[in-house]
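Close look at the chain arrangement
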Number of protein chains: 2
Amino acid sequence: MQLLLVLIISVLSLVFALWLTTNVLKNDTGTPEMQVISNAIKEGAEAFLRRQYKTISLLSVVFAIIIFVLYAFLRTANPNDPVSPLSMAGYVTTSFIFGALSSGIAGYIGMFVSIRSNIRTASAARTSLNRALQIAMRGGAVSGLFVVAMSLLGVGGLYAALSRLGGLAPEKIPFLIVGYGFGASFVALFAQLGGGIYTKAADVGADLVGKVEAGIPEDDPRNPAVIADLVGDNVGDCAGRGADLFESTAAENIGAMILAASLALAAQRAGFGFKYGLVGVMLFPLVVRAFGLIASIIGVMAVRTKEDADPMKALNRGYYITSVLAAIGFFIGSKWLLSMPDGLPAGDPRQYAWLYYFFCGIIGLLTSVAFVFITQYYTEYKYRPVKSIAEASLTGPATNIIAGIAVGFECTALPVIVISIAIIGSFYLGGKVGLPGSGLFGTAVATMGMLGTAAYILAMDTFGPITDNAGGIVEMSNQPDNIRIKTDRLDAVGNTTKALTKGYAIGSAALAAFLLFSAYLDEVRQYTLPAAPAAVALQRGGTTGAPAVLPPTKSPASNSASDMFNFNRKTGEWVAIVNLAKPQVFVGGLLGAMLVFLFSAFAIKAVGNCAYTVINEVRRQFKEKPGILAGTDKPDYARCVDIVTIGALRQMVLPGLLAVGMPIAVGVIFKLMGIGAETVAAFLMVGTICGILLATFLNNSGGAWDNAKKFIETGMYGGKRSDAHKAAVVGDTVGDPFKDTAGPSLHVLIKLLSTITLVLAPLFI
Amino acid sequence: MQLLLVLIISVLSLVFALWLTTNVLKNDTGTPEMQVISNAIKEGAEAFLRRQYKTISLLSVVFAIIIFVLYAFLRTANPNDPVSPLSMAGYVTTSFIFGALSSGIAGYIGMFVSIRSNIRTASAARTSLNRALQIAMRGGAVSGLFVVAMSLLGVGGLYAALSRLGGLAPEKIPFLIVGYGFGASFVALFAQLGGGIYTKAADVGADLVGKVEAGIPEDDPRNPAVIADLVGDNVGDCAGRGADLFESTAAENIGAMILAASLALAAQRAGFGFKYGLVGVMLFPLVVRAFGLIASIIGVMAVRTKEDADPMKALNRGYYITSVLAAIGFFIGSKWLLSMPDGLPAGDPRQYAWLYYFFCGIIGLLTSVAFVFITQYYTEYKYRPVKSIAEASLTGPATNIIAGIAVGFECTALPVIVISIAIIGSFYLGGKVGLPGSGLFGTAVATMGMLGTAAYILAMDTFGPITDNAGGIVEMSNQPDNIRIKTDRLDAVGNTTKALTKGYAIGSAALAAFLLFSAYLDEVRQYTLPAAPAAVALQRGGTTGAPAVLPPTKSPASNSASDMFNFNRKTGEWVAIVNLAKPQVFVGGLLGAMLVFLFSAFAIKAVGNCAYTVINEVRRQFKEKPGILAGTDKPDYARCVDIVTIGALRQMVLPGLLAVGMPIAVGVIFKLMGIGAETVAAFLMVGTICGILLATFLNNSGGAWDNAKKFIETGMYGGKRSDAHKAAVVGDTVGDPFKDTAGPSLHVLIKLLSTITLVLAPLFI
């Protein structure tokens, strides 16, 4: 019943997204000049995506084979395996491929619509700002809805298939479909890396030769790299971030299902299960996500603006509507699926379980709002941080950079405090329920709350490249100024929404991290401890879950992870331990932190290397065809697009393989030392902590430099072409690979670490 | 006997240092022009130190009172307290004050000699390179010897005093004198922050107005901030780094003594103590450090060069001699104090205990050599990384910065791998001894090995500001070119040695971190568990330390830290747990990482704020006295020195209080949640991991930018005054606060976190 509801809402959302697509595509496609440019962007983006998907497919197939072989042949069977090693290999590999495929499809369709919405937005801007806003937002919503609905459909569908097929206990199913989340992460990593490298290599390359050497303005049609730059906005922000959030929703749904199963089983053992049983609790995350989809659809359709109003206000209104509706959906979902049946003694906290969890969800929603505000504070020029960078530009590029880095380091503090409060608060509220694992499930529910508005947020994000492109098309097709002003206003809003989405993405990654660790530890526990040891104990100690439970008679299975679990006499549960005081585990943490730094180094260098090839190509074209700069000869856009495509795809491989290879290497090497699973846990946790901080630093410093430049362009400190402006341009260029390549790729890396360890956990034990 | 030896060697080293001082001071003090400049530096440095010490004294007294009150009145007495709360408060507070005082004295004397050696080095350069080299190195050695010998004397003396006075069990004494280490850290934090802010504010300020605005060369006497810049080299590199390493040796000696006591007790419980008993093992760290002092003295005296040879070779030769002698000393110390008496059964690993630990020491020595090489690779222009930054300067400052940051992120990888191998290798070797805690003591011994050459390394470090100043004096007093070439060669070597010392300091901080965590956990254990519970168990299970020990009948004291310890049935020891899988502990880790970023932000901003006041002052002088630039009027150096002094002291307070206040806040807040000690442990560990990485990034990127500029100045990519050079100057300026303020301050912060948690642990339980 719950599953059916989830599947129906997902399918209906997809149908709605298709309707939106036709609705957007119906709009006018502007003048022939506009179409020439739009077509060039379209072709470039599609060519990149085609080639990128070819590379990713190849890598995915290789990796799928590796997973299959590892699972089927190299791993020694564990007595706690839910199915035979061969079927297990089959399930995990199939869900991996399925996850990769779904992520690819969602990304492709999102971009398909995005690169067709840009010209329609540009064209509509000629008559109505509201019309242009709505086209851009609805075009973006196709991407948002497809991502969330496809991920829901994938997880729900796999769950349905396995529960029909296998005769498996429901609580075992999530461990067999974690491959879906990993497949999605795998694609997301390369999509974000490739897209991020593409967009910034094109941008930096175009700027360094165009603006600096040739002295022509941004988005000037004489620049051979200008189309590549516009393509980049689509492949980086749209396809990349789409894959990122696809992965978030998929992985976090599965992780939450794992914790839900643990909680529901604990409730049963304590003698009083949830009203709708194990399956009801397990499907809770999917149901509230489905409600979130409905909330987002209503929010998107509510976006409209007056011709002279600030378009950001319209988007914010839609966001608030979505948030309130998502909260209502959360209330319904909690009351429905997390209630206990009547019959508990008065004052037993379990009867309020649903209420405690509802508040956990509200904590998550509030966390996302807090992240939106913090990101604005650190990246908008209304506030002190960006102003301080602009002021430092007066004494040259060096002080501009120093100020930006100081702001970047500083801006990590508030997000960490917010996340800390959210984790501890939701753990505390969940813990009030008083069941083993109820606190952890509280953090999972908070994550669900935070992701409730994901589809809307993603629509706002894709709004960014659509309006950016619309601005570029208007600029390059020489439209009158009053239209340009309209698209500029939309573009400025798009810059803000892109920054907010990054804040939201890292915030949800941070909050989700704790949920995913716990899922990993739960998985290790399942493979290590004899089935339900506490149940044996509880039968002796009483059925109420009261204290004084005897330790189980059976001691844990003697594999390398067996001293990762401690029997708690008070609650009768096995507590997972990741003991940083062990040298190997500490070293695991150290290596996790190192991965984050090294990966960032590779990502930043990749942009530099790829930009270098662009610079050389643009220089070559200017030299061989002097008519280009004079305006008498046409530059060869396609060749630039081609060169960036090849460069970005080549450059994404090294950081990608590092990200995938290092967790495996750590797991395998430390397994040989007899302490694989625990070391990997520390690797994952400390890597995640460092990743959150470094990504926040990279995203926000980049955003702050960008807006410090824009602040000066409003006429401050001498305005455009002043020395301060030149200094600010240096900061902006430095920030480009920070905020659009390394930072967003780190989000994906963090989640990839979780999913890869979830999938490969059985190999490290 | 061992203690007497330590005290005698320490005193003799101090006597030798005094002899070196008179030996250096005997030398010729050059021409009157030289003396004018040297005196100005001397006065500036002394004025700064005087005022800085006044501020630090004030802060120390306030903090001493806080510690006393917390210990004496606010803390509830613990049944495991070694003495009454009031005496405990007295011991801890007294050792805090004593540590702060010793650090101050060592720093003052080091700088006293350093600011007098500079002119003698400059003067000697007029006749002999060898003579100049020797004066600079011996002047530096005074600082190195004073720091190491004073710290040894302090720890040894306090130990002697308490063991006479108190009737205390020897193993309890280190917990009462940890205050010494914390006092040293406290002074080091402010000394390094204040000195680091001073040196870079003066440098950046002098450069931005002098070089960029007025177009006069570096070290030009017309620049009013030029003396402040030369003073800065002394107060930052000499006094700051001296305090840093003073703290290292003090804190790590005490930490190693704590682990030594645990090991020796475990050996006794297992029925077979070390030959020289508990006290012998506990004094082992002090004895090998004393041997290291002798090795360093011989190494320093062996430094000599031919007139036409590379002075770096001479310093390296001295370093190798010191290393080999330190290794021999280590061999003697291990064989003497870590041997077991005869009578162990053949094949029992305990009879090779001393040999295993000797090899742990060698691991430490090799680690320090590895760090020296890695630092050279990433910061010298012979190698790829710096070359890549220089090449990136061709396309402007933005690409220079991007390349530098990529190199900085990348250069964290190798040090982490080396540290990982060192920790696991020494833990494994130590573990071979087969006693509880023997592995942990192995990591402590490795740290001792790494610190064996500390005095020599510190001499090389102080060599840096002495030769830098000598170069400045020669330049400003218009000496002939052939002399300038000689001091330039020495100055170049000094730049290298300064970079190496930073690599060494961070490496030893990283390796020591694990030892200090373990000491902290040991302290928490002492306050939490009933005395020697495993002993009870072992009496039942047998005396050989064989497996199958029964768990103790008494369960741990029920304070908030009691579930931090797990009884290991195999070894009969209580294992400390820092469980990152608990939400509060994970949040502790997150907050630790955040502290590192926020502290760096504050340190970098402090430089900016202080530099700003310098810029305004220099501009004011140029404007009010136009004769300065024409060379007809003298600038007011003293006023600049004054302004930087006030600015640096004001700016050091905020980051300093953050560093001291946050661990206390975390401990107290989480104690209220019932989980103080464990959260603080995670705070400390993850903070340390992030700190190691961020400090490595900051130090090495700064060094690499510096040398990329120097590489271009050798004539590459257009040489001086080319656009590439201008771009490289931007990178160099950005790197200044990285490598000389934030990076070195982070070393101190890492160690301060350890010592503050060691001192305040009883409050968090």
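Residues numbered from 1 in each chain as written. Chains lettered and ligands numbered in written order. Predicted model: local features only at pLDDT ≥ 70, side-chain atom pairs only at ≥ 80, totals over all residues. Heavy atoms only, no water.

1. Describing the overall build of chain A
Secondary structure assignment for chain A yields 22 helices and 2 strands. Taking 2.2 N^0.38 as the reference for a compact globule, 765 residues should give roughly 27 Å; the C-alpha atoms of chain A span a radius of gyration of 26 Å, in line with that estimate. Expressed along its principal axes, the backbone C-alpha trace of chain A runs to roughly 90 × 50 × 50 Å. Put simply, chain A has 765 residues, and 68% of those count as buried. In chain A, 84% of the contacts between residues at least 6 apart in sequence involve partners at least 24 apart. As presented, chain A carries roughly 23,200 Å² of accessible surface, and 63% of it is formed by carbon and sulfur atoms. Across chain A, the mean location of the 57 positive side-chain charges is 6 Å away from that of the 48 negative side-chain charges. (Helix = DSSP H or I, 4+ residues; strand = E, 2+ residues; numbered from the N terminus. Rg over C-alpha atoms; globule rule 2.2 N^0.38 Å. Buried < 20%, exposed > 50% of the residue type's maximum accessible area, 1.4 Å probe, protein only. Contact = heavy atoms within 4.5 Å. Areas by Shrake-Rupley, 256 points an atom, 1.4 Å probe, with all protein chains shown as cover. Lys, Arg positive; Asp, Glu negative; His and termini not counted. Charge placed at Lys NZ, Arg CZ, Asp CG, Glu CD.)

2. A look at the packing of aromatic side chains
Throughout the structure, instances matching the rule amount to 65 aromatic pairs over all chains. Ring geometry for Y381(A) versus F711(A): centroids 5.2 Å apart, planes at 35 degrees, classification tilted. One end of the pair, Y381(A), is in the loop between helix 9 (353-379) and helix 10 (384-392); the other, F711(A), is in helix 21 (residues 676-713), with 330 residues separating them in the sequence. Among the residues examined, Y381(A) registers a relative accessible area of 32% and is labelled partly exposed. A residue is classified by how much of its surface remains accessible, and F711(A), at 9% relative accessible area, is buried. Look at F284(B) and F441(B): their rings are 6.5 Å apart centre to centre, the planes differ by 55 degrees, and that puts the pair in the tilted class. (Phe/Tyr/Trp six-rings, centres within 6.5 Å; stacked < 30°, edge-to-face > 60°.)

3. Considerations on the environment of G472(A)
Residues and elements named next belong to chain A. Inspection of the secondary structure assignment puts G472 in helix 14 (residues 454-476). Since its relative accessible area comes to 0%, G472 is described here as buried. Counting along the chain gives 354 residues from G472 to N118, while the straight-line C-alpha distance between them is 9.3 Å.

4. Focus: the nonpolar core
Ranked by size, the top nonpolar core spans 588 residues in total, and within it F409(A), F441(A), Y520(A), F409(B), F441(B) and Y520(B) carry the most contacts. Ignoring sequence-local partners within four residues, the contact set of F409(B) consists of F597(A), L598(A), S600(A), A601(A), I604(A), L694(A), F697(A), L698(A) and F697(B). (Core = buried A, V, L, I, M, F, W, Y, C linked by side-chain atoms within 4.5 Å.)

5. Here's the deal with a nonpolar patch on the surface
All names here are of chain A. Taken together, the side chains of V61, I65, V69, F73, L74 and L86 make up a nonpolar region of the molecular surface, amounting to roughly 600 Å² of accessible area. Per-element accounting of the nonpolar patch gives the leading share, 5 residues, to helix 2 (residues 32-74). Residue placement: L86 occurs in helix 3 (residues 85-124). (Patch = residues over 30% accessible without salt bridge, like charges linked within 9 Å, V, L, I, M, F, W, Y side chains within 5 Å. Salt bridge = Lys/Arg side-chain N within 4 Å of Asp/Glu carboxyl O.)

6. Digging into the interface of chain B and chain A
Where the parts come together, the accessible area they lose is often given as the size of the interface. Listed per partner, the contact involves 68 residues of chain B and 68 residues of chain A. Interface area for chain B against chain A, summed over the two sides, is near 6,000 Å², with a carbon-plus-sulfur share of 85%. Looking at the side of chain B facing chain A, the largest losses of area belong to F409(B), F586(B) and F597(B), adding up to 12% of the total buried there. Linking chain B with chain A are 8 residue pairs in polar contact (both at pLDDT 80 or more). Secondary-structure elements contributing two or more residues to the side of chain B that touches chain A are helix 10 (384-392), helix 11 (397-410), helix 12 (413-431), helix 15 (481-528), strand 2 (573-576), helix 17 (583-624), helix 21 (676-713) and helix 22 (723-764) of chain B. Counting residues per element, the side of chain B that touches chain A draws most heavily on helix 17 of chain B, which supplies 18 residues. (Buried area = accessible area lost by both parts, 1.4 Å probe. Polar contact = N/O pair within 3.5 Å; in protein donor to acceptor, adjacent residues only side chain to side chain.)

7. Overview of unusual backbone geometry
At Y717(A), a position not held by glycine, the phi torsion is positive, near 50 degrees. In this structure, Y717(A) sits in the loop between helix 21 and helix 22 (723-764). With relative accessibility at 27%, the residue Y717(A) sits in the partly exposed group. Positive phi values are uncommon outside glycine, yet R721(B) reaches one of about 70 degrees.

8. Concerning the packing of helix 8 (residues 311-337) of chain B against helix 14 (residues 454-476) of chain B
Residue and element names in this part refer to chain B. The N-to-C vectors of helix 8 and helix 14 enclose an angle of 165 degrees; their axes lie 10 Å apart at closest approach. In terms of axis orientation, helix 8 runs roughly antiparallel to helix 14. Two packed elements cross with a definite hand, and for helix 8 against helix 14 that hand is right-handed. Of the residues in helix 14, those touching helix 8 at A314, L315, G318, Y319 and T322 are Y456, I457, M460 and F463. Grouping the constituent residues of the contact of helix 8 with helix 14 by class yields 7 nonpolar, 2 polar and no charged. (Axes fitted to C-alpha atoms, helices over the stretch in contact; angles between N-to-C directions. Parallel < 35°, antiparallel > 145°, perpendicular 65-115°, else oblique. Left-handed = near helix turned anticlockwise from the far one by under 90°. Nonpolar A, V, L, I, M, F, W, Y, C, P; charged D, E, K, R; others polar.)

9. Looking at the relation of the copies chain B and chain A
When chain B is fitted to chain A, the best match, at an RMSD of 0.0 Å, comes from turning it 180 degrees and sliding it 0.0 Å along the axis. Such a turn and shift between the copies fits a two-fold axis. The C-alpha atom lying nearest the rotation axis in chain B is that of N579(B); the distance is 2.4 Å. Of all interface residues in chain B, 100% are interface residues in chain A too; the two copies therefore contact each other through one and the same surface. (Least-squares fit on C-alpha atoms with pLDDT ≥ 70 in both.)

10. Examining the pairing of strand 2 (residues 573-576) of chain A
Residues and elements named next belong to chain A. Alternating residues of strand 2 divide into W574 and A576, all buried, and E573 and V575, none buried. As defined by bridge partners, strand 1 (residues 565-568) adjoins strand 2 across 4 bridges and the pair is classed as antiparallel. Residue pairing for strand 2: F565 is matched across the bridge by A576. (Pairing = 2+ DSSP bridges.)

11. Quick look at helix 13 (residues 438-451) of chain B
Its 14 residues give helix 13 of chain B an end-to-end C-alpha distance of 20 Å, which sits within 8% of 20 Å, the value for a rise of 1.5 Å per residue. For helix 13 of chain B, a buried count of 13 out of 14 residues is recorded, marking the element as mostly surrounded by other parts of the structure. (Expected span 1.5 Å × (residues − 1).)

12. Focus on the confidence of the model for chain A
All names here are of chain A. A residue-level look at chain A finds 95% of positions with pLDDT of 70 or above and a mean pLDDT of 89. Put simply, helix 16 (residues 533-541) is where chain A has its lowest mean pLDDT, 39, and helix 12 (residues 413-431) is where it has its highest, 96. Every residue in residues 532-555 is under pLDDT 50, and counting partners more than four places away or in other chains gives 36 contacts. (pLDDT = per-residue confidence, 0-100.)

13. Let's talk about the pattern of salt bridges
By the definition in use, this model includes 52 salt bridges over all chains. Of the charged contacts in the structure, one is a salt bridge between R241(B) and D461(B), with a shortest N-O distance of 3.6 Å. Linking R241(B) in helix 6 (residues 226-269) with D461(B) in helix 14, this pair joins segments that are 220 residues apart in sequence. Both residues of the pair, R241(B) and D461(B), belong to the buried class. When the shortest N-O distance is used, the salt bridge between K709(B) and D732(B) registers 2.9 Å. Residue K709(B) is found in helix 21, and its partner D732(B) is found in helix 22; the two are separated by 23 residues along the sequence. The structure contains a network of salt bridges with shared partners spanning K200(A), D203(A), K502(A), D706(A), K710(A), D736(A), K739(A) and D740(A).

14. Topic: the environment of S296(A)
All names here are of chain A. Within the secondary structure, S296 is located in helix 7 (residues 277-301). Along the sequence, S296 and I321 sit 25 residues apart, while their C-alpha atoms lie 8.4 Å from each other. For S296, the residues in contact, after removing those within four places along its chain, are T322, G452, T453, A455 and Y456.

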